[in-house]
Amino acid sequence: MSVRIDALDRKILAELQRDASQSLDVIAGNVGSSKTPVWNRIRKLRDAGVIGKQTVLLNPEALGFEACFFVLIRTSEHEASWQADFLRALRDRPEVQEAHRLAGDIDYILKVRVKNARAYDAFYQALISEVRVHNVTALLSMEEIKSTTDLPLEE
């Protein structure tokens, strides 16, 4: 479903990105509109798939998840059955926060959040016991400099 997004829609989306827990009254006031039109637009954007699920962002370090690894995976396997097994293994592991298939020398990159290096090793051992990979390189993030879920909504 294609939806046309205008300047008011962008303002509403920016407000929701900033803080989706805001009341409809606050959002409407911040975008210079009233509640009903803002609610109708939010519903339209949700129905069109522009707005996905609403959730909260947890602080990983406050919950003891102090290690973030970026895992580069090369494989010599490209059959559909291998890929299905690999994707299932990733989906079954809550430590994997993101997974991307890449163009270039590396086939996949994973963002893996764990409590420590020992927990990463347990993740790694479990993954390679389920699927065959040619090469795995783990890079430990020393410092998160920028992390956002916000999209640049300017036109």
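Just so it is clear, the model here is predicted, and its values are computed rather than measured. (Residues numbered from 1 in each chain as written. Predicted model: local features only at pLDDT ≥ 70, side-chain atom pairs only at ≥ 80, totals over all residues. Heavy atoms only, no water.)

**Some remarks on the UniProt feature "domain: HTH asnC-type" (unreviewed entry) in the protein chain**
In this numbering, the UniProt entry assigns the feature "domain: HTH asnC-type" (unreviewed entry) to residues 5–66. A distance of 39 Å separates the end C-alpha atoms of residues 5–66, which is 53% helix and 0% strand. (UniProt positions renumbered as here; feature names shortened; annotations may be inferred. Helix = DSSP H or I, 4+ residues; strand = E, 2+ residues; numbered from the N terminus.)

**What about the packing of helix 2 (residues 24–31) against helix 3 (residues 35–47)?**
Direction vectors running N to C along helix 2 and helix 3 enclose 100°, while the axes themselves pass 9 Å from each other. Our classification of the angle between helix 2 and helix 3 gives roughly perpendicular. Across the interface between the two elements, Leu24, Asp25, Ile27, Ala28 and Val31 from helix 2 touch Lys35, Val38, Trp39 and Ile42 from helix 3. Each residue belonging to the contact of helix 2 with helix 3 can be placed in one class, and the counts come to seven nonpolar, no polar and two charged. (Axes fitted to C-alpha atoms, helices over the stretch in contact; angles between N-to-C directions. Parallel < 35°, antiparallel > 145°, perpendicular 65-115°, else oblique. Contact = heavy atoms within 4.5 Å. Nonpolar A, V, L, I, M, F, W, Y, C, P; charged D, E, K, R; others polar.)

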